[in-house]
Amino acid sequence: MSLFDRAVRLTLPITPRPLIRYFARRYVAGDTLADAVATVQRLSAEGCCATIDVLGESVTSRDLARAAVGEYLAVLDAIREHGLASNVSLKPTQMGLAIDEEFCRDNIAAILEKAHSQRIFVRIDMEDSPTTDATLRVYHSLIARFPRGTGIVLQARLRRTLADAVALGGSDVNIRLCKGIYLEPREIAYTERDIIRNNFMNVLEVLLSAGTYVGIATHDEWLVCQSLAMVRRLGLPPDRYEFQMLLGVDPQLRRIITSAGHRLRVYVPFGSHWYPYSVRRLRENPQIARVGLEAFLRGRVES
Ligand SMILES: Cc1cc2nc3c(=O)[nH]c(=O)nc-3n(C[C@H](O)[C@H](O)[C@H](O)COP(=O)(O)OP(=O)(O)OC[C@H]3O[C@@H](n4cnc5c(N)ncnc54)[C@H](O)[C@@H]3O)c2cc1C
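Residues numbered from 1 in each chain as written. Predicted model: local features only at pLDDT ≥ 70, side-chain atom pairs only at ≥ 80, totals over all residues. Heavy atoms only, no water.

## A closer look at the overall build of the protein
So the rule is basically this: What counts as a helix is a DSSP run of H or I of at least four residues, what counts as a strand is a run of E of at least two, and both are numbered from the N terminus. In this treatment the radius of gyration is a C-alpha quantity, and the globule benchmark scales as 2.2 Å times the residue count to the 0.38 power. In this scheme, a residue with accessible area under 20% of its type's maximum is buried, one over 50% is exposed, and one in between is partly exposed, where area comes from a 1.4 Å probe on protein chains only. Any two residues whose heavy atoms approach within 4.5 Å are treated as being in contact. Note that accessible areas follow from Shrake-Rupley with a 1.4 Å probe, and for residues the cover is restricted to the protein chains shown.
A count of helices and strands for the protein gives twelve helices and eight strands. Radius of gyration (C-alpha) of the protein: 19 Å, near the 19 Å computed for a compact globule of 303 residues. Seen through its C-alpha atoms, the protein measures out along the principal axes to roughly 60 × 45 × 45 Å. For the protein, with 303 residues in total, the buried portion stands at 51%. A fraction of 75% describes how many contacts in the protein between residues 6 or more apart in sequence connect residues 24 or more apart. Surface summary for the protein: the accessible area is close to 14,200 Å², and the carbon and sulfur share equals 53%.

See the structure below:
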């Protein structure tokens, strides 16, 4: 890791919010639902579908969790009204998981009631490891009520994930597979990049072989290449999997994947609670701060 990268990571907690917002603006569609709609329409013209995420997490008040439910219901209306090629993604702690598991489940169920009637899929994102078991319990109770209406995320970083994939995989199941963004202790997570990559591929094979629809969520071209080889080896048609990428990350790889005829879904976050999401993105790739800083300074000099 370069000195610059290390410096960015170390100073993130004390970096002024306006600067974080400036650097991370490419990862967030904007503050409003209209911004998200416009972004999804632009992506659609590029041949991508989307999943819309209302930014928010670690909610500690029931009112805030209910407000987030309201925002998701508005997103579902917008998807129908504008005929968007999009589903939605939400975070359990935004729905109140840290307050009460049943409260969280009921909040997600309220969103699923409406989404299911509109045939819109709801993805439950996976957060850090203390929430994994509760998130899986919530998922199991909801999938029983809304078959095919919802899906979970598995993180290749976690040692438990191969066993989770064996337990969860199946033909009516829709799983997003990613490396996992939360840094976890070595006792429960792989910490070496190559081991995480290998585990990603092992988990993918378990899922695809069981007939699971998999959202292959990565910008790692090695993983994209290996996944394509696996899809071909297993003889899977293009409607049994999709690739997924985050808004603002490697649009060129996005175009390479879509122009080869594979479905690609872009994660489109929006809303006023942009701070924690933006910090995670910058921590993941501090080089973005370098590019942003250079552009910022150039702008200052030129103006
Ligand atoms: C659609 C989607 C949904 C996700 N949902 C979850 C979830 O629910 N739970 C969870 O824990 N994690 C989630 N993640 C994050 C994921 O776990 C990884 O942290 C993230 O995707 C980076 O891993 P990577 O496979 O892209 O590989 P990396 O090796 O991290 O990245 C590969 C290359 O992509 C580029 N890149 C990666 N990140 C950035 C960035 N921030 N800015 C610019 N370039 C970048 C770099 O060029 C890098 O070399 C999601 C990711 C995606 C794409």
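## As for the nonpolar core
Threshold: Nonpolar cores were defined as sets of buried Ala, Val, Leu, Ile, Met, Phe, Trp, Tyr and Cys residues, with membership established by side-chain atoms within 4.5 Å.
Core analysis: the biggest nonpolar cluster contains 72 residues, and Met95 and Ile108 have the highest contact counts within it. Not counting residues up to four positions away in its chain, the partners in contact with Met95 are Ala65, Ala68, Val69, Tyr72, Leu90, Phe103, Cys104, Asn107, Ile108 and Ile111. One finds Val28, Leu55, Leu246 and Leu282 within the second-largest nonpolar core, a separate group that totals 15 residues.

## Points about the layout of surface pockets
Over the atoms, a rolled probe matching the size of one water molecule traces out where space is still vacant. Put simply, the test is: Here a cavity denotes grid points, spaced 1 Å and computed from the protein atoms alone, that fit a 1.4 Å probe unable to get out, and a pocket denotes an open set having protein on both sides within 12 Å along at least 5 of 7 lines; residues with an atom within 4 Å of a point are the lining. Grid points are joined across faces, edges and corners, and a volume is the space filled by probe spheres set on the points. Amino acid classes used here: Ala, Val, Leu, Ile, Met, Phe, Trp, Tyr, Cys and Pro are nonpolar; Asp, Glu, Lys and Arg are charged; the rest, including Gly, are polar.
Roughly 1,200 Å³ of internal volume is contained in the largest pocket. Looking at the largest pocket, it is lined by 40 residues, and the ones nearest its centre are Lys179, Gly180, Ile181, Arg281 and Glu284. Residue assignment for the lining of the largest pocket shows that the elements contributing at least two residues are strand 4 (150-155), strand 5 (174-178), helix 8 (193-209), strand 7 (241-246), strand 8 (264-270) and helix 11 (275-284). Here the element with the most residues in the lining of the largest pocket is helix 11; it accounts for five residues. For the lining of the largest pocket, the per-class residue count stands at 17 nonpolar, eight polar and 15 charged. Space inside the second largest pocket adds up to approximately 320 Å³.

## Brief notes about empty space enclosed by the protein
Scanning the entire structure with this criterion turns up one cavity of 30 Å³ or more. Estimated volume of the largest cavity: approximately 40 Å³. Lining of the largest cavity is provided by Met126, Thr132, Leu136, Val153, Leu154, Gln155, Leu158, Thr161 and Asp164. Of all elements in the fold, only helix 6 (132-145), strand 4 and helix 7 (161-168) reach the threshold of two or more residues within the lining of the largest cavity. At three residues, strand 4 tops the list of elements feeding residues into the lining of the largest cavity. In terms of residue class, the lining of the largest cavity is made up of five nonpolar, three polar and one charged.

## Some thoughts on the packing of aromatic side chains
For any pair of aromatic rings, the description rests on two quantities: the centre-to-centre distance and the angle between the ring planes. Filter applied, for reference: Only centres within 6.5 Å qualify two rings of Phe, Tyr or Trp (six-membered ring in Trp) as a pair; their planes then separate them into stacked at under 30 degrees, edge-to-face at over 60, and tilted for everything else. In this scheme, Lys NZ or Arg CZ marks a charge over a ring once it lies within 6 Å of the ring centre and within 35 degrees of the ring normal.
Evaluated as defined, the whole model comprises three aromatic pairs. Ring geometry for Tyr241 versus Phe243: centroids 6.1 Å apart, planes at 85°, classification edge-to-face. Cation over ring: Arg17 sits above Trp274, and NZ or CZ is 5.6 Å from the ring centre. Stacked on the ring of Tyr275, the Lys or Arg Arg17 has its end atom at 4.2 Å from the ring centre.

## Some remarks on the site of the ligand
For clarity, the cut-off: For each residue, the test is whether any non-hydrogen atom lies within 4 Å of the molecule or strand; if one does, the residue is near. Polar contact is defined as a pair of N or O atoms within 3.5 Å, subject to the rule that within protein one atom must be able to donate a hydrogen and the other to accept it, and that residues adjacent in sequence are counted only when both atoms are side-chain atoms. Here the criterion for a molecule occupying a pocket or cavity is that more than half of its atoms lie within 2 Å of the pocket grid points.
Among the 24 residues in the neighbourhood of the ligand, the closest are listed as Tyr27, Gly180, Thr218, His219 and Glu284. At a separation of 2.8 Å, an oxygen atom of the ligand approaches a polar side-chain atom of Lys179. Notes on the ligand: free accessible area 930 Å², of which the protein chains cover 83%. If you map the ligand onto the pockets, it falls in the largest pocket. For the shell around the ligand, the secondary-structure elements that each account for two or more residues are strand 4, strand 5, strand 7 and helix 11. In terms of residues, the shell around the ligand owes the most to one element, strand 7, which gives three residues.

## Remarks on helix 8
Spelled out, the test is: One fewer than the residue count of a helix, multiplied by 1.5 Å, yields its expected span.
The terminal C-alpha atoms of helix 8 lie 24 Å apart, and with 17 residues this matches the ideal 24 Å at 1.5 Å per residue to within 8%. Backbone geometry just downstream of helix 8 places Gly211 in the positive-phi region, at approximately 85°.

## Comments concerning the pattern of salt bridges
Note the cut-off: Note on definitions: salt bridges are taken to be side-chain nitrogens of Lys or Arg within 4 Å of carboxyl oxygens of Asp or Glu.
Inspection of every chain in the model, using the stated rule, returns 16 salt bridges. Of the charged contacts in the structure, one is a salt bridge between Arg66 and Asp63, with a shortest N-O distance of 3.2 Å. Taken as a pair, Arg66 and Asp63 lie in helix 4 (residues 62-82) at a separation of three residues, close to a single helical turn. On the basis of relative accessibility, which here comes to 44%, the residue Arg66 falls in the partly exposed class.

## A short note on the packing of helix 4 against helix 5 (residues 101-117)
Under the convention used in this document: To get an axis, fit a line to the C-alpha atoms, keeping to the stretch in contact for a helix; angles then go from 0 to 180 degrees between the N-to-C directions. Note on angle classes: values under 35 degrees are labelled roughly parallel, values over 145 roughly antiparallel, values of 65 to 115 roughly perpendicular, and the remainder oblique. By convention, the crossing between two helices is left-handed when the near helix turns anticlockwise from the far helix through less than a right angle, and right-handed when the turn is clockwise.
Across the interface, helix 4 lies against helix 5 with an axial gap of 10 Å and an inter-helix angle of 15°. Comparing the axis directions of helix 4 and helix 5 gives the class roughly parallel. At the point where helix 4 passes helix 5, the crossing takes the right-handed sense. Here Arg62, Ala65, Arg66, Val69, Tyr72, Leu73, Leu76 and Asp77 of helix 4 lie close against helix 5, whose contacting residues are Phe103, Asn107, Ala110, Ile111, Lys114 and Ala115. Of the residues that constitute the contact of helix 4 with helix 5, the class distribution is nine nonpolar, one polar and four charged.

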